[in-house]
Amino acid sequence: MNTLSRKAWRDLTRHRARTVLAMFTLSIAIASLGFVAVPVLLNAAMNRQIAGSHLYDVGISTSTLDLSPAQLRALGHLPGVAAVSPAVGYATTVTSASGPQDVELAGTALASAPVNTVALFTGRMPGPGEVLADAGNARATGFAVPAGGTIDVRAASGRLVRLRVSGTGLNLYATPGANGSATPVFYAPTATVQALRATGQAPRGYNYLGFRLSDDSTAGQSLVITEVRAYLTAQTGSDPITALPAVRAPGQWPGQSGFNHIMALLYIITILAFGSALFLISATMNTLIAEQAREIAIVKTLGGRRRQIGGITLRTAAMLGAAGAVVGTILGIGLAYLLASYFAEKLIDVSFGFGVATEVVVASLLLGPALAAAASLPALRRALRRPVAQTLADTGTSGYGSGRLDRRLVRSGLLSGARVPGIARMGVRNALRQKRRSAAAVAQVALAAGLAISFLALGQSVTAVISQTIGLLHFSFSTGEATGKGARPFSSQALAVAASTPGVTGTEPVETSSVQYNGQDYVAWGLGTHPFYDYRLSAGRWFTAADARAAIPPVVLGPAVARVTGVRVGQTLTLTMAAGPTRVRVIGIDTGQPNAGDTIYFPLPVLERLDGEPGTANSIWFATASSAHAAIDRATSATADRLAAAGYPVSTTKIYVAEAQITAADTSILTIVEILGLVVVAIMLMGLVSGLSTGVIERTREVGILRCLGARARQIRRVFSAEAVTLAVVGWAFGVLVGWLLYEGLLALLRHDADVSLPQEFPPVIPLITFAGVLVLTLIVIRGPLRRATRIQPGTALRYQ
Amino acid sequence: MTPQGWARKRAPRPMRTGHPAADDDGMKRPAGSEQAGSAAPAIIELARVEKVYRSAGGRGVGFPALSGVDLTIAAGEMVAITGPSGSGKTTIINLIAGIDRATAGTVTVNGSRLDQMTEEQLAVWRGRTIGIVFQFFQLIPTLTAMENATLPLDLARLGPSRERGAVASRHLAAVGLGDRGGRLPLELSGGEQQRVAIARAMACGPPILLGDEPTGNLDTGLARDMFELLVGLNENGTTVVYVTHDPALAALASRIVSVRDGLIVDDTGRRRAGDTS
């Protein structure tokens, strides 16, 4: 090894503490590249899930068909069909320890189904008398029954059948998490579900056929649908298909858009993390190289050429970067696995085993030395250009006072006199000594504070959504017409039955419908003059009794409708409804956010009439005596039973469950941002610690001098604390602007990509909270460097080079 | 605290030859030169002091800087410590200041046993007892000359805070920098920086002033001017101990202690007083 290489190596080993600190900082920066691996790992897990699900290309719902094995084989041999899997679905209600709940049971061949295979996550596959809970039930519907628990299923015959939950599993086709349904799903052997559906008259059989095709193009799908329809018609004597066949485009899968929204957020956070990593690397290498300025000058006096000197420095940087890359890559693998497995479980219900994104690992290992060397170049260039004499004559007082800013600050008296203690004065001015490094620290704090501010504001928006939607609905549960045979709208008789239910203190009939305006669908609610909905009008008025007889029906617009249409109070618009084009007059504009503000409110009698069912409503809202969940569950169950007995089979929705679902859906977005953002904040703080620690090391001799002058430990701590707090406060100030910009950007992104509209909520208290947090965190993270500073022995410090 | 009286700047003086009569050129002599051997109380005592420097981690063979040094300095003396590089001069200064700790032996300064004090106690004690002037000035670069001179007062919390600036200002004026107090170290010449360092060293009125090559980074003219400042301090009762490798500057002290290979090989001031040979 020649002397140049030896110097490169010993430059690392000479100051072990500094080297270890720099290497650790680099490793943290490289580890943050693990963020990039998170979407890669999640995509891979989802692709495995999709492949394992053997998702349908064509799905056909039928009337109950008692198909023989021969007929099923024949279906499988139809032109274009690669595989067929029959299933039977049954919508019913169950009761459990969690209370009554509408559910769907899917009877399939489970793991052996060639189409729409059910994957086992926990426990074991269900046998007779057992069911497998969908892994997305808890998150998507709030209805969780653990393995070993039981559900009492209401069979078609009316009796309750107890089934045991054997574990959890998932099929992307049916899972409520992917397709946005709020109905829990359970999987069971076909025979179990067929037995539940069986009545004296109805045959056992299947009501769904899933197909995988050899040609999954649109033409291939159409061909198969035609062939299947023809075959089944020939076999049964009539067309048994009961709904438009479902087709899946190649490469698409249920819940894909939601998954892509999550990935988009992940990539944005990843970019922020990578940017912070670059900051860290640059600041670290700049500091290291700047410290080599005198030795670079000495080597120049010995005849060293720029290429040779640069070679030494870059070799040192590359070695440091390589060491940091190895440690950082290992940390990044762990970080990526933890984050990806968390998101897989909490957000997309995908089974996730340990995995490594090879391309990210390779990139991390290569980027470490490359980035470290590249980050050294600016400081190296400056050091090589600096005159030798000036560098060698440097007595340690340079760096402060050479700039106009330094002198102006001193002359201004801002930080002079008895107003500012000398100790604190030193610390504050120290922040200006290494301007580049201080700027990097300020930028890191600004980014961290900005992220924190944007999270808190986003949290406020999420909370506001709840208060502006569910919070405005003053009822405990609602009933709607049940799907399937026997369902009918609610008459006054039904209302009387419902109102007499124990625990119910009030009822309100509501008509719900949908309308179109300018090709856009909106929700229509028919409400009374004093509804259970707490409307907050920004203009106009609510309905009166007289409005029910108005020639031109009056409407109140939700805020999103008003914004999109641009219509004002007093104006009319023509809506497309079931009754045809209908001219309405706007009498008010609401500010509430039910249905994301896309609601058009009608007087109840008017909407009933326009929907063709005057005097009846398709929904009832119920107020209860108690807001306790158990009391609401009891009242809900009793009401459903009474109405069913009176000939009104119903489905029910509990407000507290809906609130939990909305909260879960919206906070899932917040979870991503918070978790990833906190890691980025940690990287930022690491940068602050690194900068401060380097500052302590650099000023070892100065600490010795202070000790010689009689400085106590706490006075030395105060010097560095003042510097750290100065950087933190300045960083926070910039962070307020950064946070506001990030917050607005996130809102726009959610609105544009995820179709999630959150209200703007940026109260002044958020920056203040962040200020307190930045100060506290700063004072915590600098404890290590401060402890080091106060332990420096003066004699050792004065000999430090 | 009263301002120190400084000697006016004089023309360069010839080097002393060592004979009192020949050296009687009218120059003021440091206080204590006629008092060598009198019964002035000892303000600094090193007894059988050893100092071994070890490499980081404490492993391996150590470097013995001092190998059993006995040194007593009376209050008010002006002592020059001389010797070749690596002889242990700076180590003696560091031990007196409590900057380094002796490996063996005792160090008593101004009645305080330094080996029995914690680092924190040493720092506090040093602020009020010792003034140190370094070869390379070692001013705090982010503080002005005035602020550097005030710093020891702030650290020791000596006197009301609103009066500390006035005290520092008097010290700066005493070293001839009364109008340069608002300058940063980078804006001062080497000589001016060293004057600030002296003002800083005397800020708390310490009884002992230590200098580690205090004029080593100055030209001859500035060196002699600086030395006159030290003489003036000594005349006012401050015990001055300084390290120098310049025989000419060493000769200006009332006592010269020569160090070689970690041992005191000569002590001229004391021998002159009691020399009967």
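Structure's up top.
Residues numbered from 1 in each chain as written. Chains lettered and ligands numbered in written order. Predicted model: local features only at pLDDT ≥ 70, side-chain atom pairs only at ≥ 80, totals over all residues. Heavy atoms only, no water.

1. Some words on the overall build of chain A
So, point 1. A tally of helices and strands in chain A yields 26 helices and 20 strands.
So, point 2. Across the 801 residues in chain A, those meeting the buried criterion constitute 52%.
So, point 3. In chain A, the proportion of contacts linking residues at least 24 apart, taken out of those at least 6 apart, comes to 80%.
So, point 4. With an accessible surface of roughly 33,500 Å², chain A has 59% of that area assigned to carbon and sulfur atoms. (Helix = DSSP H or I, 4+ residues; strand = E, 2+ residues; numbered from the N terminus. Buried < 20%, exposed > 50% of the residue type's maximum accessible area, 1.4 Å probe, protein only. Contact = heavy atoms within 4.5 Å. Areas by Shrake-Rupley, 256 points an atom, 1.4 Å probe, with all protein chains shown as cover.)

2. Structural notes on the overall build of chain B
So, point 1. Summing up its helical and strand segments, chain B has eight helices and 10 strands in all.
So, point 2. Put simply, chain B has 277 residues, and 54% of those count as buried.
So, point 3. In the structure as shown, chain B presents an accessible area of about 11,800 Å², 50% of it carried by carbon and sulfur atoms.

3. Quick notes on the interface of chain B and chain A
So, point 1. Taken together, the 32 residues of chain B in the interface contact 38 residues of chain A.
So, point 2. Its largest share of buried area at the contact with chain A, chain B owes to T142, L155 and L186 of chain B, together 21% of the area lost on that side.
So, point 3. Between chain B and chain A we count one salt bridge in total.
So, point 4. For the salt bridge of E120 of chain B with R707 of chain A, the shortest nitrogen-to-oxygen distance reads 3.1 Å.
So, point 5. Viewed at the interface, chain A and chain B are joined by five residue pairs in polar contact (both at pLDDT 80 or more).
So, point 6. Counting only elements with at least two residues in the side of chain B that touches chain A, the list comes to α2 (119-129), α3 (145-156) and α5 (190-201) of chain B.
So, point 7. Counting residues per element, the side of chain B that touches chain A draws most heavily on α2 of chain B, at six residues. (Buried area = accessible area lost by both parts, 1.4 Å probe. Salt bridge = Lys/Arg side-chain N within 4 Å of Asp/Glu carboxyl O. Polar contact = N/O pair within 3.5 Å; in protein donor to acceptor, adjacent residues only side chain to side chain.)

4. Digging into the nonpolar core
So, point 1. Grouped together as the largest cluster of nonpolar side chains are 65 residues, with contacts concentrated most on I44, L46, I81, V109 and L151 of chain B.
So, point 2. Here the element with the most residues in this core is helix α23 (residues 713-753) of chain A; it accounts for seven residues.
So, point 3. Counting 56 residues, the second largest nonpolar core, distinct from the first, contains L26, A45, L55 and M285 of chain A. (Core = buried A, V, L, I, M, F, W, Y, C linked by side-chain atoms within 4.5 Å.)

5. Considerations on a positive patch on the surface
So, point 1. Together, R714, R717, R718, R783, R787 and R791 of chain A together with R157 of chain B line one region of the surface with positive charge.
So, point 2. For the positive patch, the secondary-structure elements that each account for two or more residues are α23 and α25 (783-790) of chain A.
So, point 3. Along the chain, R157 of chain B turns up in the loop between α3 and α4 (161-174).
So, point 4. Under the relative-accessibility criterion, R157 of chain B is labelled partly exposed at 47%. (Patch = residues over 30% accessible without salt bridge, like charges linked within 9 Å, V, L, I, M, F, W, Y side chains within 5 Å. Lys, Arg positive; Asp, Glu negative; His and termini not counted. Charge placed at Lys NZ, Arg CZ, Asp CG, Glu CD.)

6. As for the packing of aromatic side chains
All names here are of chain A.
So, point 1. A full pass over the atoms with the stated rule returns 17 aromatic pairs over all chains.
So, point 2. Both rings, one in W525 and one in Y601, keep their centres 6.0 Å apart while their planes meet at 75°; by these two values the pair is edge-to-face. One end of the pair, W525, is in strand β13 (residues 520-527); the other, Y601, is in strand β18 (residues 599-603), and 76 residues separate them in sequence. The burial state of W525 is the same as that of Y601; both residues are buried.
So, point 3. The structure contains a cluster of three or more aromatic residues connected by ring pairs, namely F475, W525, Y533, Y535, W542, F543, Y601 and W621. (Phe/Tyr/Trp six-rings, centres within 6.5 Å; stacked < 30°, edge-to-face > 60°.)

7. Here's the deal with the environment of T694 of chain A
Residues and elements named next belong to chain A.
So, point 1. Assignment of secondary structure puts T694 in helix α21 (residues 655-698).
So, point 2. By relative accessible area, which is 9% here, T694 ends up buried.
So, point 3. Linking T694 and A17, residues 677 residues apart in sequence, is a C-alpha distance of 9.5 Å.
So, point 4. Sequence-distant contacts of T694, defined by excluding residues within four places in its chain, comprise L21, T287, E291 and R437.

8. Quick notes on the sheet that holds strand β6 (residues 130-133) of chain B
Residue and element names in this part refer to chain B.
So, point 1. One open sheet holds the six strands; their spatial order is β6-β7-β8-β3-β9-β10, and the pairing between them is mixed. One side of each edge strand has no neighbouring strand; the edge strands of this open sheet are β6 and β10 (263-267). Adjacent strand axes in the sheet meet at a mean angle of 20°, parallel and antiparallel pairs treated alike.
So, point 2. Bridge analysis of strand β3 (residues 78-82) against strand β9 (residues 255-260) gives four bridges, and the strand direction is parallel. Pairing of V79 across the sheet is with R255, part of β9.
So, point 3. Across the sheet, α2 is in contact with β6 and β7 (208-212); its angle to β6 comes to roughly 80°. (Pairing = 2+ DSSP bridges. Axes fitted to C-alpha atoms, helices over the stretch in contact; angles between N-to-C directions.)

9. As for unusual backbone geometry
So, point 1. One non-glycine residue with positive phi stands out, namely N116 of chain A, at about 55°.
So, point 2. In this structure, N116 of chain A sits in the loop between β3 (99-108) and β4 (119-123).

10. Focus on the sheet that holds strand β5 (residues 112-113) of chain B
All names here are of chain B.
So, point 1. If you walk across this open sheet you meet the four strands as β2-β1-β4-β5, and the pairing is antiparallel. On the outer flanks of this sheet lie β2 (63-74) and β5, each paired with one strand and no other.
So, point 2. Looking at chain direction, strand β1 (residues 42-53) and strand β4 (residues 104-109) are connected through five bridges and run antiparallel. Note on β4: the bridge partner recorded for E50 is A104.
So, point 3. Here helix α1 (residues 89-97) sits on the sheet and contacts β1, β2 and β4; the angle it forms with β1, its principal contact strand, is near 120°.

11. Concerning the pattern of salt bridges
So, point 1. Summed over all chains, the structure comprises 15 salt bridges over all chains.
So, point 2. Put simply, R180 of chain B and E192 of chain B hold a salt bridge, and the shortest N to O gap is 3.4 Å. Taken together, the positions of R180 of chain B in the loop between α4 and α5 and E192 of chain B in helix α5 put the pair 12 residues apart, joining distant regions of the chain.
So, point 3. Taking relative accessible area as the criterion, R180 of chain B reaches 23% and is therefore assigned partly exposed.
So, point 4. One salt-bridge network, in which partners are shared between bridges, spans R124, E130 and R164 of chain A.

12. Notes on the packing of helix α11 (residues 306-346) of chain A against helix α12 (residues 358-385) of chain A
Residue and element names in this part refer to chain A.
So, point 1. The N-to-C vectors of α11 and α12 enclose an angle of 145°; their axes lie 7 Å apart at closest approach. For the element pair α11 and α12, the recorded crossing hand is right-handed.
So, point 2. Classifying every residue of the contact of α11 with α12 by side-chain character gives 16 nonpolar, seven polar and two charged. (Left-handed = near helix turned anticlockwise from the far one by under 90°. Nonpolar A, V, L, I, M, F, W, Y, C, P; charged D, E, K, R; others polar.)

13. Here we look at the packing of helix α2 (residues 16-31) of chain A against α11 of chain A
Residues and elements named next belong to chain A.
So, point 1. Contact geometry of α2 with α11 gives a least axis separation of 7 Å together with a crossing angle of 45°. As far as their axial angle goes, α11 and α2 are oblique. Where α2 crosses over α11, the handedness of that crossing is right-handed. Contact residues: α2 offers T19, A22, M23, L26, S27, I28, I30 and A31, while α11 offers L320, G321, A323, G324, A325, V327, G328, T329, L331, G332 and L335. (Parallel < 35°, antiparallel > 145°, perpendicular 65-115°, else oblique.)

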